[in-house]
Amino acid sequence: MTTELFNEVLSETEVAVRDTLRRFAEEVMRPIGKALDQLTPDEVIAKNSLLWEAHSKYNELGIGMFTQDDSLGPVEGARLTALASEMLGWGDTGLAISLSVSGMPINLAQISGDPKLIEHYCRGKVGCWAITEPNHGSDIVDFGAVGSEGNSPRRGDCVARRDGDHIVINGQKSSWVSNGTIAQMAALYCAYEDEHGMLGGGVFLVPLDTNGVSRGKPTNKIGQRPLNQGEIFFDSVTIPLNHMIGGHEQYTPMLEATLTSANGGMGSLFCGLARAALEHAVDYAKERVQGDKPIFQHQAVKSRLFEMFRKVEAARSLNLKVVTHNAVNPKLELAIASKVTSTRTAMEVATEALSIYGGAGITRENPIEKLMRDASVSVIEDGENTLLGLVAADRL
Ligand SMILES: Cc1cc2nc3c(=O)[nH]c(=O)nc-3n(C[C@H](O)[C@H](O)[C@H](O)COP(=O)(O)OP(=O)(O)OC[C@H]3O[C@@H](n4cnc5c(N)ncnc54)[C@H](O)[C@@H]3O)c2cc1C
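These figures come from a predicted structure and were not determined experimentally.

Enquirer: Outline the site of the ligand, supporting the account with residue identities and numerical values.
Expert: If you check the shell around the ligand, you find 22 residues, and the closest are W129, T132, S138, S178 and E384. The separation between a nitrogen atom of the ligand and a polar main-chain atom of W129 is 2.7 Å. With respect to the ligand, the side chain of S178 contributes an N or O atom lying 2.8 Å from a nitrogen atom. Looking at the shell around the ligand residue by residue, the classes come out as 10 nonpolar, eight polar and four charged. Each of domain 2 (127-246) and domain 3 (253-393) gives at least three residues to the shell around the ligand.

Written out as structure tokens, the structure is:
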């Protein structure tokens, strides 16, 4: 890694966080991500897998959620989160998503303020966000139904029903749930009904060792292979009523807040991937000699590297602007603009980097083909980019 990209003037804390995360990304995430990428989905989550080393070393860092640290202002917290996320994405995006989505249940528990939910059920547990369903992918992100004609609550593949002092859950979540087959605790977003019938959506914390929970097989996919994904099935799973964090009235605002935060975070992570691809391409171009000189010295290569650099810096600037704005005045359309920009940039820059590597780019010895596969997945996760664009446009 040779390229030090533009950074605004950073505070001492920001420099310390960035440097700590850079070391973690370089020394832990990159080697572990590379090793897990070559394994089968079952091997990735085996007891002796390096995945667990990545999780435990990340927990040892004690980075936590800067946005919930009362000693920091909201903008300061958002900047630190963006810097940290960019470095995690620079390390390995599949692992970064496994590590960060793991904190979703405890973040929800903190909204409840219930110490038992926070400490007993969520602290130190591997978490997941279970929202997508086999028959409701984009439908769930498109909660205002901008891409279809109706706007009525849809009956989901997974339904929670109130039964006295309990909630009973039946149905399933899709094979896309990140950490789905390994999580101990789920932040479950699903349809909710009571004795009067379907009310809309609800948000629940579900310990995944509860009777009636079962899992599918880990999903086998082209990119972000260190990220475990898989179905969760619920067969009359019964949880206490206080595990409901939001009922139908809170569902839409909670979903909007979650998507706003998730899309801003994806914007940071994939700036990291785009930046990694650019740095590898610059390094390689300075080493590889053709026409008697390093290819870096051929004007056409230089101008392609400049285009990559320009896109990376534009995506980073937008992301920092969006996440700091959203820390005080959250707007989903801004978060979507950043997610779409960063993931497109990641895909474009990784693809161009592969081409700059020439034949060496497509081999597994070099890091570029993996970055390209990882980036290709990003244009779908947390909402496919075109659909996200429709959701954002509706707010203009
Ligand atoms: C790596 C990864 C991680 C993920 N992590 C999670 C997770 O942690 N938890 C979770 O619950 N889910 C997760 N997902 C699921 C993800 O959010 C969905 O895959 C995504 O929302 C798209 O849904 P789908 O795959 O069912 O595609 P579909 O909804 O079937 O869409 C297929 C195509 O049709 C288009 N389309 C669909 N509906 C419309 C419409 N109304 N108007 C216009 N175009 C439309 C879409 O834009 C897309 O191009 C993850 C997915 C990936 C790839």
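Enquirer: So what about the side chain of E86? Which residues, and what values?
Expert: Mapped onto the elements of the fold, E86 is located in helix 4 (residues 74-91). Those residues in contact with E86, other than ones at most four positions away along the chain, are S268, C271, G272, R275 and R316.

Enquirer: With reference to specific residues and values, describe the pairing of strand 2 (residues 158-163).
Expert: When strand 2 meets strand 3 (residues 166-173), the two strands line up antiparallel, connected through six bridges. Within strand 3, the position partnered with R162 by the bridge is I167. Hairpin remark: strand 2 followed by strand 3, antiparallel, with two residues in the connecting loop; positive phi at G164, about 60 degrees. Bridging between strand 2 and strand 4 (residues 185-194) involves three bridges; their strand directions are parallel. Bridge pairing in strand 4 links R161 to E193.

Enquirer: Please give an account of the domain arrangement of the chain that cites residues and values.
Expert: The domain architecture assigned to the chain consists of domain 1 (12-110), domain 2 (127-246) and domain 3 (253-393). The C-alpha-based centres of domain 1 and domain 2 are spaced at 24 Å. For the pairing of domain 1 and domain 2, the buried interface totals around 1800 Å² over both sides, and the portion due to carbon and sulfur atoms is 69%. It is P41, P105 and L108 that lose the most area in domain 1 upon contact with domain 2, and together they represent 30% of the buried surface on that side. Taken together, the connections running from domain 1 to domain 2 amount to one salt bridge. Between K217 and D42 there is a salt bridge whose closest N-O contact spans 3.1 Å. Seen at the junction of domain 1 and domain 2, the total is five residue pairs in polar contact (both at pLDDT 80 or more). Every element with two or more residues in the side of domain 1 that touches domain 2 is listed here: helix 1 (12-37), helix 2 (41-44), helix 3 (50-61), helix 5 (93-101) and helix 6 (104-112). For the side of domain 1 that touches domain 2, the leading source of residues is helix 5, giving six residues.

Enquirer: Explain the nonpolar core to me, using residue names and the numbers behind them.
Expert: Counting residues in hydrophobic clusters, the biggest one holds 75 residues, and the most contacted among them are I169, L188, F204, V206, L208 and F234. Considering every element that reaches this core, the biggest residue donor is helix 9 (residues 248-287), with 12 residues. When sequence neighbours within four positions are dropped, the list of residues in contact with F234 reads C158, I169, N170, G171, Q172, K173, L188, V206, L208, G212 and V213. Within the second largest apolar cluster, 31 residues are counted, among which are V101, I118, M185 and M254.

Enquirer: A description of the packing of aromatic side chains should follow, citing residues and the corresponding values.
Expert: Enumeration over the complete set of coordinates arrives at six aromatic pairs. With centroids separated by 6.0 Å and ring planes inclined at 40 degrees, the aromatic side chains of F24 and Y58 adopt a geometry described as tilted. Highlighted residues: F24 in helix 1 and Y58 in helix 3, separated in sequence by 34 residues. Look at Y284 and Y357: their rings are 4.2 Å apart centre to centre, the planes differ by 10 degrees, and that puts the pair in the stacked class. Here Y284 is found in helix 9, whereas its partner Y357 is found in helix 11 (residues 332-357), with 73 residues between them in sequence.

Enquirer: So what about helix 13 (residues 385-393)? Which residues, and what values?
Expert: When helix 13 is considered as a whole, its buried residues turn out to be N385, L387, L388, V391 and A392. Mapping the buried residues of helix 13 onto a view down its axis gives an arc of 160 degrees, with all of them on the same face. Against the buried residues of helix 13 lie helix 8 (138-141), helix 9, helix 11 and helix 12 (368-378).

Reading guide: rules and limits
- Residues numbered from 1 in each chain as written.
- Predicted model: local features only at pLDDT ≥ 70, side-chain atom pairs only at ≥ 80, totals over all residues.
- Heavy atoms only, no water.
- Near = heavy atom within 4 Å.
- Polar contact = N/O pair within 3.5 Å; in protein donor to acceptor, adjacent residues only side chain to side chain.
- Nonpolar A, V, L, I, M, F, W, Y, C, P; charged D, E, K, R; others polar.
- Domains from an automatic or database assignment.
- Helix = DSSP H or I, 4+ residues; strand = E, 2+ residues; numbered from the N terminus.
- Contact = heavy atoms within 4.5 Å.
- Pairing = 2+ DSSP bridges.
- Buried area = accessible area lost by both parts, 1.4 Å probe.
- Salt bridge = Lys/Arg side-chain N within 4 Å of Asp/Glu carboxyl O.
- Core = buried A, V, L, I, M, F, W, Y, C linked by side-chain atoms within 4.5 Å.
- Buried < 20%, exposed > 50% of the residue type's maximum accessible area, 1.4 Å probe, protein only.
- Phe/Tyr/Trp six-rings, centres within 6.5 Å; stacked < 30°, edge-to-face > 60°.
- Arc of directions from axis to C-beta.

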